[in-house]
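Fold and contact review
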Amino acid sequence: MLVTKEEKNNGLILRLEGRLDATTSIQLENVLNDAIGGEKVNVLLDFSGIEYLSSAGMRVLLSMTKRLKGMSGSLKLFGIHDDVMEIIRLAGFETILQIFNDEGSASS
């Protein structure tokens, strides 16, 4: 998986490409841990390049959502393809994760 970092206004945008599965979820978790450190941060994940999401990937999203919320930060996802969104819906995570249609909606 390719991760591109971009700092914007009061947060960080991570643009993701590829598959978010058991192997690459560790990579994303490490990138997020490095970005978060011990301070409040708002992270936006651009999912427009994600073609597959596994349960391991969802675990990382949930744990980071909880961690950031506890620090008064946030984790927001946007640009999710229909196939990936269906996986999130089937798991019942659409009410837990902050999901937006596009970057503009997620950053406001």
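Described below are features of the structure shown in this document. (Residues numbered from 1 in each chain as written. Predicted model: local features only at pLDDT ≥ 70, side-chain atom pairs only at ≥ 80, totals over all residues. Heavy atoms only, no water.)

The geometry of helix H1 (residues 22-36) relative to helix H2 (residues 55-70) is characterised by a closest axis approach of 8 Å and an angle of 15° between their N-to-C directions. Considering their axes alone, H1 and H2 lie roughly parallel with respect to each other. In the crossing of H1 with H2, the sense of the turn from one axis to the other is right-handed. Judged by residue contacts, Ala22, Ser25, Leu28, Glu29, Leu32, Asn33 and Ile36 of H1 engage Ala56, Gly57, Arg59, Val60, Ser63, Met64, Arg67 and Leu68 from H2. (Axes fitted to C-alpha atoms, helices over the stretch in contact; angles between N-to-C directions. Helix = DSSP H or I, 4+ residues; strand = E, 2+ residues; numbered from the N terminus. Parallel < 35°, antiparallel > 145°, perpendicular 65-115°, else oblique. Left-handed = near helix turned anticlockwise from the far one by under 90°. Contact = heavy atoms within 4.5 Å.)

Here we take up the environment of serine 108. Relative to the helices and strands, serine 108 is located in the segment after helix H4 (103-107). Of the residues examined, serine 108 reaches a relative accessible area of 72% and is grouped as exposed. Within polar-contact distance, the side chain of serine 108 engages the backbone oxygen of serine 105 at 3.1 Å. (Buried < 20%, exposed > 50% of the residue type's maximum accessible area, 1.4 Å probe, protein only. Polar contact = N/O pair within 3.5 Å; in protein donor to acceptor, adjacent residues only side chain to side chain.)

All right, on to helix H3 (residues 82-91) then. Burial in H3 covers these residues: Val84, Met85 and Ile88. One side of H3 carries all its buried residues, which in axial view fall inside an arc of 100°. Exposed and oriented more than 90 degrees from the buried face of H3 are Asp82, Asp83 and Leu90. A positive backbone phi angle near 80° is found at glycine 92, which sits one or two residues after H3. (Arc of directions from axis to C-beta.)

Okay, the sheet that holds strand E3 (residues 42-53) next. If you walk across this open sheet you meet the five strands as E1-E2-E3-E4-E5, and the pairing is mixed. The open sheet has two free edges, formed respectively by strand E1 (2-8) and strand E5 (98-100), since each of these has just one partner strand. Between one strand axis and the next, the sheet turns through 25° on average, direction left out of account. Sheet analysis places strand E4 (residues 74-78) next to E5, joined by three bridges and oriented parallel. Across the sheet, residue lysine 76 finds its bridge partner in E5, namely glutamine 98. Taken strand by strand, H3 contacts E3 and E5, and its axis lies near 105° from that of E3. (Pairing = 2+ DSSP bridges.)

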